[in-house]
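# Working through the structure, step by step
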Amino acid sequence: MSAQKLTFAQKAQAAWGTSIPPEVVTLAEFADSRSGAEAAKAIGYSPAVVSHLIANRYPGDLPTVMQKIRGALMGETVLCPVLGELGRDQCLTEQRRPFAATTAARAQVYRACRTGCPHSRLKGA
């Protein structure tokens, strides 16, 4: 008789216990309804990050990953001074993009992310 495989939600609950953040619950439920790989793609991280996060062993920048989950899977938005309302996950993605003068808006976003935007996570912003 084979052992029953645990769901992502069960793994998360076992690893986090009563202190499980709502972002982890949402991520695990998304992974259960689709796949771990699709959950990773949705938040812009690798499947390994999803696995480590669910197992409460993620050694990286936890606040940023949580913000990506809130934006991509929970509908959190911010008001960008250049682009207007956009998902928090997209905001974080824009912050990491290199400078490109391909459009005036792209250059404006780059500067805004580095000159005091309240949503920027960049050092020195």
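Check the entry above for the structure.
Residues numbered from 1 in each chain as written. Predicted model: local features only at pLDDT ≥ 70, side-chain atom pairs only at ≥ 80, totals over all residues. Heavy atoms only, no water.

## A look at the overall build of the protein chain
Scanning the protein chain from N- to C-terminus turns up seven helices and two strands. In the protein chain, the order of α-helices and β-strands from amino to carboxyl end is α-α-α-α-α-β-β-α-α. Burial status across the protein chain gives 35% buried among its 125 residues. Sequence separation of 24 or more characterises 44% of the internal contacts of the protein chain that already satisfy a separation of 6 or more. Counting every atom, the protein chain has about 7,300 Å² of accessible surface; 55% of that belongs to carbon and sulfur. For the protein chain, the centre of its 15 positive side-chain charges and the centre of its 9 negative side-chain charges are spaced 8 Å apart. (Helix = DSSP H or I, 4+ residues; strand = E, 2+ residues; numbered from the N terminus. Buried < 20%, exposed > 50% of the residue type's maximum accessible area, 1.4 Å probe, protein only. Contact = heavy atoms within 4.5 Å. Areas by Shrake-Rupley, 256 points an atom, 1.4 Å probe, with all protein chains shown as cover. Lys, Arg positive; Asp, Glu negative; His and termini not counted. Charge placed at Lys NZ, Arg CZ, Asp CG, Glu CD.)

## Topic: helix α2 (residues 22–33)
The end-to-end C-alpha separation of α2 is 16 Å, in line with the 16 Å expected for 12 residues at 1.5 Å each. Every buried residue of α2 is listed here: Glu23, Val24, Thr26, Leu27, Ala28, Phe30 and Ala31. In this fold, the buried residues of α2 make contact with α1 (8–16), α3 (36–43), α4 (47–54) and α5 (62–73). (Expected span 1.5 Å × (residues − 1).)

## Overview of the environment of leucine 79
If you trace the backbone, leucine 79 turns up in strand β1 (residues 77–80). Using a relative accessible area of 59% as the deciding quantity, one classes leucine 79 as exposed. With 40 residues separating them along the chain, leucine 79 and histidine 119 place their C-alpha atoms 8.4 Å apart. Leaving out residues up to four positions away in the same chain, leucine 79 has contacts with Gly84, Glu85 and His119.

## Description of the packing of α2 against α4
Two elements in contact, α2 and α4, have axes whose closest approach is 10 Å; the angle formed by their N-to-C orientations is 125°. Between α2 and α4, the interaxial angle falls into the category oblique. Crossing hand, α2 versus α4: left-handed. Contacts between α2 and α4 involve Val24, Leu27 and Ala28 from the former and Val50, Leu53 and Ile54 from the latter. (Axes fitted to C-alpha atoms, helices over the stretch in contact; angles between N-to-C directions. Parallel < 35°, antiparallel > 145°, perpendicular 65-115°, else oblique. Left-handed = near helix turned anticlockwise from the far one by under 90°.)

## Remarks on the pairing of strand β2 (residues 84–87)
The pairing of β1 with β2 spans four bridges and is classified as antiparallel. Bridging across to β2, threonine 77 finds its partner in glycine 87. Connecting the antiparallel pair β1 and β2 is a turn made up of three residues. (Pairing = 2+ DSSP bridges.)

## Here's the deal with unusual backbone geometry
Although it is not a glycine, asparagine 56 sits at a positive phi angle of roughly 60°. Of note, asparagine 56 is situated in the loop between α4 and α5. Overall, asparagine 56 belongs to the partly exposed group, its relative accessible area being 36%.

## Things to note about the packing of aromatic side chains
For the coordinates displayed, the defined rule picks out one aromatic pair. When the ring of phenylalanine 99 is compared with that of tyrosine 110, the centres are 5.2 Å apart and the planes differ by 75°; the resulting orientation is edge-to-face. Placement of the pair is phenylalanine 99 in the loop between α6 (88–96) and α7 (104–114) and tyrosine 110 in helix α7, with a sequence separation of 11 residues. Its relative accessible area of 45% is what places phenylalanine 99 among the partly exposed residues. The partly exposed category is assigned to tyrosine 110, whose relative accessible area is 23%. (Phe/Tyr/Trp six-rings, centres within 6.5 Å; stacked < 30°, edge-to-face > 60°.)

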